[in-house]
Each structure stands twice: as C-alpha cells, then as structure tokens.
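Residue-level structural notes
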Protein chains: 2
Amino acid sequence: MKFPSLPLRSLATHYLRPLSNPLQTNVASFTTRTTLCAVSARGENVLNLLPQYLLDAGGVEFYDAKTSPDGCLQVSIAENHCVAPFIVDKVNDVQRNSVFTPDMIYYQNTYGMKGCRESMAGFMSTIMDTPSKVDPEQLVIGAGCNAVLENLFMALCDPGDEILLPSPYYATFSFDLGCRAGLKLRETEREWKVDEKEGDALTRASTYYPQIEDLESAYQRGEKRPKVLLLTNPHNPLGICMPKEVLDGLVEWAVGKGMHVVSDEIYAGSIHGEGFYSLAGEATRNPNVHVVYALSKDLGASGLRVGALLSSNEDVLAPVRKLNDLCQVSSTTQQLVEGMLGDKEWIAGFLKTNMGLVRRRYERVVEVCKEAGIDYLECDGGLFLWLDLRPWLGGGEGEKDLYLRLIREHGLLMTPGESMDMREDGFFRLVFTAVGNAEFEIVLERLRGLRGMKKGEGEGR
Amino acid sequence: MKFPSLPLRSLATHYLRPLSNPLQTNVASFTTRTTLCAVSARGENVLNLLPQYLLDAGGVEFYDAKTSPDGCLQVSIAENHCVAPFIVDKVNDVQRNSVFTPDMIYYQNTYGMKGCRESMAGFMSTIMDTPSKVDPEQLVIGAGCNAVLENLFMALCDPGDEILLPSPYYATFSFDLGCRAGLKLRETEREWKVDEKEGDALTRASTYYPQIEDLESAYQRGEKRPKVLLLTNPHNPLGICMPKEVLDGLVEWAVGKGMHVVSDEIYAGSIHGEGFYSLAGEATRNPNVHVVYALSKDLGASGLRVGALLSSNEDVLAPVRKLNDLCQVSSTTQQLVEGMLGDKEWIAGFLKTNMGLVRRRYERVVEVCKEAGIDYLECDGGLFLWLDLRPWLGGGEGEKDLYLRLIREHGLLMTPGESMDMREDGFFRLVFTAVGNAEFEIVLERLRGLRGMKKGEGEGR
C-alpha cells in the first residue's frame, strides 16, 4: 500500500471507517440507540452519493513493489504522476524564497488575492490561448475545481434545477452539483454509434461530438427546462477536443434556449494531440459562458486545492465572490501559486515537458492496446484513454462482473463506464498517468495480458 | 487606506464593485438586457445577506496616519492585531524549515492530513483543557470555521430546519447557515434585563446566561421544532464565559428535547479573565455535542482559513468528512499548521503572550470607558467589549443614526447591536484588538471624546 492516490483509501478506510455498511444507515437504525439525536436526511444521503464502483472494490489489495507485487494497480483516479518531481522541486523552490508578510495573516479578498489572480490569469491565457490576456477581475480563486463549480452553479441555478450534459460524463459531477447545491443532471439520451464497425468508427472523435438534435430532445424531455449546458473540454472521460465550430454551435444553441454554458477545462494544459479550442476567450466577453479550471491535473497538484472561475457576468461574479467566503484558499498557498504560475520561463518549460510526458504515455498505451486487440477512442487531451472492452464481457456478464474480474484477475482498477452514465456495458476509462514509471510498465504488461482473452474467441480465461 | 482588514473593503469595492446597487438587482432588470440568461434566486439572495451595516458605511473614509489622520477606525472586525508579529515570525520560521514532499502533491484525506489533525488535537486539548487528549480521528479540518460550521449543520439539519440561539449573536451566522445550507435562525425572545440599573446590573455576566424558560418558550414557538442549540463560548458578542453548571444545564435541556448542541469556541485561546469552561471534553464522549474551532482569532490567522470540527458522533463525522471534499485546506497549509501547533514550547509561550496582550487591551479599554462614563459588560474572553451607548441616542434617534454619527463624528466603526439581533437600540460591540498599538491609542482617545456627549445631559453636540 504505497499509493498516494487517496480517494479510494479514504472511501474505504476513512469516510466510512466506523460504519459497517454506510448504505444501510438510515433513520430506523437510531431507534435502537436512543441517546443519539437525529441527523439530517441530506447528511445520510451524502454517503449514498459515494461512487458505488469504489465501494465495490473496497476489499481489494493494492500493488506494492515489495509487499504486494501482484496487487491491483489503481488507474481510475485522474492524477498526473509524470510531473510530480518537477512540481515538488518548484514548490520547494518558491516556498524557500517566499516571505509571509503581515498583511497575509488576516482576511483576504474572498475571491482571491490580487497577485494570485494575476498569475492565474496569465497562466490560463497561455494554456487556453485567449485572444487577449484574461482580466484578473473576472476570476474567482476557490478551494479546488469542485468548490468553484458548486458556487458557480449555486449562482446559476436554484435547488431542483437541472443541468444538461452529454453522457458519458465525469462521474463526480453528481456529487459536486447534487450534494449541497441540490441540482439534478439530465444527460443526453443519445445512442452512441460506437458499435458501427465501419472501419475506424470507434476512433473517430467526431462520433462523440454532442449533436444538437440529441441535446434538443433531452432539453424538451420532462416538465422542467434545464438551466445550464455543462461541457468538459478536453472531454472527461473521452479525452476528445471539440473543434471551434462545434463549440460555437453548442453555445449558440444553448444561449438561444436561455441556458448558460459552463465549460470545465481542467485538462486545458494536458493536450497531447491537436485541435484543442478553449471557450475562455468566449467567456471573457459572453456573459452566458463560464469556464472553470484548477491546478489539480495540469500541475498534478490536487493536494493544493486551487481552482478558478472565469466569467464576465457580474450578476454571477458578485454572488460567487461572496459564496467563496466558505471555500477560500489560504494566503500562503495563494502566494505559492503566484510564485509558481508567475515564473513564466519555468511555466513554459514545464508545460512543454508535461505535454511531452503525457504524449509519450498516450502513445505507449495506444501501442499496447493495438497489440492486445483492444479498441480505444483516439483522442487529443486529458490523462486517460476510453477503452472498448465489450468483447471481454462473458455471456450474460454485466459490466460490474467484468470490472471486478479486471481487478481480481488482471490487477487493473479502471473507471467503469456505468459510473459515468455510459449506457452500454463494457467501456472503461484508463488513466495512463495515474502511476509512476515503474508501475506504468506493469500496467502495460497487464493490458497485454488481455490479448486473446476475449469471450467467444474460444480462448476464454 | 492601510487597513489590512478587508471584509469592509471587499464589500464596498469588490463583491459589489460593478453593481451600482446590488440590492436593486432582480430578475426584472434582465428584461432590458436580453442577451443575459437568468441567474438563480439564491444567487441574488446572497447579496441580500450581506451585512447592511457595512453597506451603510460604504462611503466612509478610513484612518491612515499620514493621509487620513481623521479617518474612521474600523473596530468592528474581530481580528487580533496584537499577536501578528509573533505569528508572522513563526510562519516564516516553519515555512523555511518545511519540505514539500511528493505525497503532498496529490489528493489528501478529505478531512485533514494526519499530522495536521494530531497537532490540532493537541492544541485544542490544551486551550480547551480537556480531561484527556482529543482523538485526532474525531476532528475534521476545513477551510475556516464558517466552512466547518456549514458542513456540520448540513449533516445535522435539512433545508428549512431551524437553529435555536440566544440573542444577541454573531451576525454572520445568518449567512454561514442560511445562504447555502438553507437554515433559519430562531433567537430567544428574552427581554434582556440590561436596563435594570440595580447597582452593577449591566456588569453582571450572569444576567446574560441563557435561561431555560426563555429557550423553552422559543423552542415551543411556531410549528417546527428547532434541531440544534447553537452557543458561542466565549460568547460573541458579549465576551462572557458560562460556568460549567450553566452549560451542563443547557446541554441536558437541549439533548432532552432531541436537539444537538453546537458550541462555537473560536475564542477559546483568548481568555483574559477567569472561568472559561469548554464543551470539548463533553464533545469527545457525547454524540449530541459538537465543538467548532479555528485559528482565525487566537492565532489571529484568518488568512490561513483553517477550521476544525470536534465530534464523537460517527453518523455526523462520516458525511462531514465527505462534504469537506468541497472546502479542504491545501496540503502546504496543513503542513504549516502541523509545524506551528506541534511546537508545544512555542505554543505555550505564545498563548501566555497573547493572553497578556489581550488582557492589557481589555483593561485599558475598560478604564477609558469608566472615564468616559460608558457602561459596558464585564467579561472574561474574546476580543471585544459590549458597550451600552443608549444614553448617546438622541431623541427619536434610531441605532443606525447613532452608528453613523459614531463613524462620522467620532471616527469609530463598531458593530451595531441590531446586526446581532439585539432587541434594544444603542448597544455596540467594540473589538479592542482590531488595530495596531498606535491606532489603539487613538481609539481610546476617541472613546474619551464621548464623555459629556450623552443626550439629555444638556451638553449635546
């Protein structure tokens, strides 16, 4: 057990540590413990929102080079282990040269210190290639992308409102937008044409671009009208980047319906291919378009909890600035961010290094997928690959069976498509940067081990 | 303008910067701006929750030794400027000797890193004088006391639920518990016996201890039953500390009603008198009692955004640990906190110094109040003094008039009682640590200037 990726451990050993089975906790159980006052329904619901697939993997033994070489490798958490050494050195360098000044001890502007916002604005302008530099006054710096997203959506929507988003989607949106903000996700009902085996159908990213007719149909569904169209770009979990004309069409359609557009671009600095187009430029001038970002992926620095909202809409910024009171970043961390992102020479070198490392990992995992006969979606950005493992589903086997079999027999814990609202069983997200270099070789070896194990090939396990 | 206390500036110049009058912003205004999609009612409501008294003071010119020596002194924000130099030195010392290690880059336990929780547990055990050391597993570290309070209350209460609390109370609870958690405050309707001039009636802290009969009456009022009794101890804004037997009685009564008790003890390390008794010991064994704390007051470090929940109730801790995902403290700041609070020798010296400085300020402000003929409430803790300025109210004058007159003519911005739900006009909270030493002398001089200015004394202004 040497994984620094803690969410799974947290889930298994911490959040739920003292409960035998949190999903069975309900009000009724208090009747036998008369000294306990009642807690809230929403508090209990929090535990129901924990990702089921991680709970399913609760008892799994993880890989450790010495103590558990056959243990499972965790490639479901979108962390970037390639860049860690560079970031660690830079943090130490900046911290050594930072002075905590008297003004940093007290309350700061709730939406972020000026220097931090300025550096972030410069950095976002670079990776999102905005026509002119982002105005730091259009930014709100909060404790992580999830915190920023939640406050943005509180400013845009009221409890019970719905958010339109194309499926599959980043699984944690259900928690981030549902838990405290009380919002519901309405996914597109599109039939993904992933089973059209016309040549390289699966590798054509355009197959996955959201179609207006599908969005329109989802929009019309039900009694309420969704308030926001939520996009991820680069797409999570697919890794694809949509061209400008597709994004422009989506914005035009959504705003025409009176919907805001929120673009989560947390992988904007992790592009290994071509064709990423950011909506940041649009957000600086269109009050209905908003971009969220964080340092957790491109800098691999999820432990710093630094996220940012970019919006030009003062009716949105004003409440978010105040809401952000409840999830501010400490002044010392803001100073650190200012120092890191403000060092433009270092940033330029770092981004180049990062993109090179991510690209190399992508190329290698794709190569091995080809060797193993695994279909995948060619993509341009992000830290993951979308795998079509349907041929590995046994007769009558559901995705969960395959998910557990991949963990137990092949030592790979990937994110199952079902957790991201993928309609068809058998798709998985593999995070190819979730482990260090030595473990990555083992991941590749284990992927190779899937070769010839397809069901119906007469070679079954 | 050299005040590092930013909330007022933030209010006046940042949250609301681009809006001419945020309180007039409503959906109707969008009809003239057809390109703007609608925002949420709760987002607009955020601006209505901003403290009115700070908005009232929007155009005030603040004190600056060189450029504005007659400007107003801000003594309404509960910051501790006495300790700044000690904290600044220590932060720099710890940061210089800290190494950012590779494991700190990634996601951490959502409820706080082990080392940080251990140091916090030791520190809280000291200042709260718990019978045995607090178990770090009973702590959740979040981004400030407000963040921790909000998540605790989300775990305890559902939207629309009510919280019972004795008035006057810390003004910002309305925002912290109302804004996103959707809770309502139900204050006691007690008639404070502050006008009983029987000798030293006003100076008897016991006059202000919540009485069970008042709580019972407030509890029975209306259709719903409140879910939580919320206490501040030392009391904010009164500064009084309740004896063990009073607190025990309150807990017994509340829990007997099926209510949780939450004790906000953010001033636990700022005791300048005798008799502080913490509910922390109770919280470690009673699942219905919960204590919240933060470093913003006792360490004067509001800019670090570090708060803590202490609870022994796993049905509360489990959801709060997960909810805290949305307001975590960065790993570097947690390491800093571990280093500061873990240095027990330094902490012991610091606490002694802090208490001495706070006590000296208290003694001096009390002395000047006596000279100026200002009645005040004798107290034992906190950074403020509760002043009875009713004799300064002119005929037919409301508290707001006096509040503005104190700002404009006497250069003192204090928290008006009305903002803390004090029923009778004319009471103010003066934060005697809100300014540095030089400014403190000016505060005292300006208080002295109130002498002989009482209305009805024939000496009116």
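Note that the coordinates shown come from a computational prediction; the quantities given were computed from them, not determined experimentally.

**Some points on the overall build of chain A**
Helices and strands together make up the secondary structure of chain A, namely 15 helices and 13 strands. The proportion of buried residues among the 461 residues of chain A is 65%. The long-range fraction of contacts in chain A, counting pairs at least 24 apart against all pairs at least 6 apart in sequence, stands at 75%. As displayed, chain A has an accessible area near 16,000 Å², and 49% of this comes from carbon and sulfur atoms.

**Side note on the packing of aromatic side chains**
Throughout the structure, instances matching the rule amount to 16 aromatic pairs over all chains. The interplanar angle of 80 degrees and the centroid separation of 5.9 Å between the aromatic rings of Tyr-219 of chain A and Trp-253 of chain A together place this pair among those described as edge-to-face. Of this pair, Tyr-219 of chain A sits in helix H8 (residues 212-220) while Trp-253 of chain A sits in helix H9 (residues 244-256), and the two are 34 residues apart along the sequence. Here Tyr-267 of chain B and Phe-384 of chain B contribute two aromatic rings whose centre-to-centre distance is 5.1 Å and whose plane-to-plane angle is 85 degrees, an arrangement assigned as edge-to-face.

**Points about the interface of chain A and chain B**
With 98 residues of chain A in contact, the opposing surface of chain B contributes 99 residues. Between chain A and chain B, a total of about 8,500 Å² is buried, with carbon and sulfur atoms accounting for 57% of that surface. On the surface where chain A and chain B come into contact, there are two salt bridges. The partner of Arg-180 of chain A in a salt bridge is Glu-150 of chain B, and the shortest N-O contact between them spans 3.7 Å. At the boundary of chain A with chain B, the tally comes to 45 residue pairs in polar contact (both at pLDDT 80 or more).

**Considering the environment of Phe-100 of chain B**
Checked against the element boundaries, Phe-100 of chain B lands in the loop between helix H4 (84-96) and helix H5 (114-127). Through-space distance from the C-alpha of Phe-100 of chain B to that of Gln-335 of chain B is 8.5 Å; in sequence the pair is 235 residues apart. Beyond its immediate sequence surroundings of up to four residues, Phe-100 of chain B is in contact with Val-88, Val-91, Asn-92 and Leu-304 of chain A together with Ile-105, Ser-331 and Thr-332 of chain B.

**Concerning the relation of the copies chain A and chain B**
Mapping chain A onto chain B calls for a rotation angle of 180 degrees and an axial translation of 0.0 Å; the resulting RMSD is 0.0 Å. Such values leave the two copies arranged in the relation of a two-fold axis. Residues of chain A ranked by C-alpha distance from the rotation axis are headed by Cys-327 of chain A, positioned 2.5 Å from it.

**Thoughts on the confidence of the model for chain A**
All names here are of chain A. For chain A, the average pLDDT comes to 88, and 88% of its residues sit at 70 or higher. Segment residues 1-34: pLDDT under 50, and 78 contacts once partners within four positions in sequence are set aside and those in other chains are kept. In this model residues 198-203 is a low-confidence stretch, pLDDT under 50, and it forms 13 contacts with partners more than four residues away in sequence or in other chains.

**Observations concerning the sheet that holds strand E13 (residues 427-431) of chain A**
What links the strands of a sheet is backbone hydrogen bonding, and the strands pair in either a parallel or an antiparallel sense. Residue and element names in this part refer to chain A. Taken in spatial order, the four strands of this open sheet run E9-E10-E13-E12, and their pairing is antiparallel. Here the strands that pair on one side only, and so sit at the sheet edges, are strand E9 (375-376) and strand E12 (415-416). Taken together, the two bridges between E9 and strand E10 (residues 384-388) define a ladder with antiparallel strand orientation. Following the sheet pairing, Tyr-376 is matched in E10 by Leu-387.

Rules used in this analysis
- Residues numbered from 1 in each chain as written.
- Chains lettered and ligands numbered in written order.
- Predicted model: local features only at pLDDT ≥ 70, side-chain atom pairs only at ≥ 80, totals over all residues.
- Heavy atoms only, no water.
- Helix = DSSP H or I, 4+ residues; strand = E, 2+ residues; numbered from the N terminus.
- Buried < 20%, exposed > 50% of the residue type's maximum accessible area, 1.4 Å probe, protein only.
- Contact = heavy atoms within 4.5 Å.
- Areas by Shrake-Rupley, 256 points an atom, 1.4 Å probe, with all protein chains shown as cover.
- Phe/Tyr/Trp six-rings, centres within 6.5 Å; stacked < 30°, edge-to-face > 60°.
- Buried area = accessible area lost by both parts, 1.4 Å probe.
- Salt bridge = Lys/Arg side-chain N within 4 Å of Asp/Glu carboxyl O.
- Polar contact = N/O pair within 3.5 Å; in protein donor to acceptor, adjacent residues only side chain to side chain.
- Least-squares fit on C-alpha atoms with pLDDT ≥ 70 in both.
- pLDDT = per-residue confidence, 0-100.
- Pairing = 2+ DSSP bridges.

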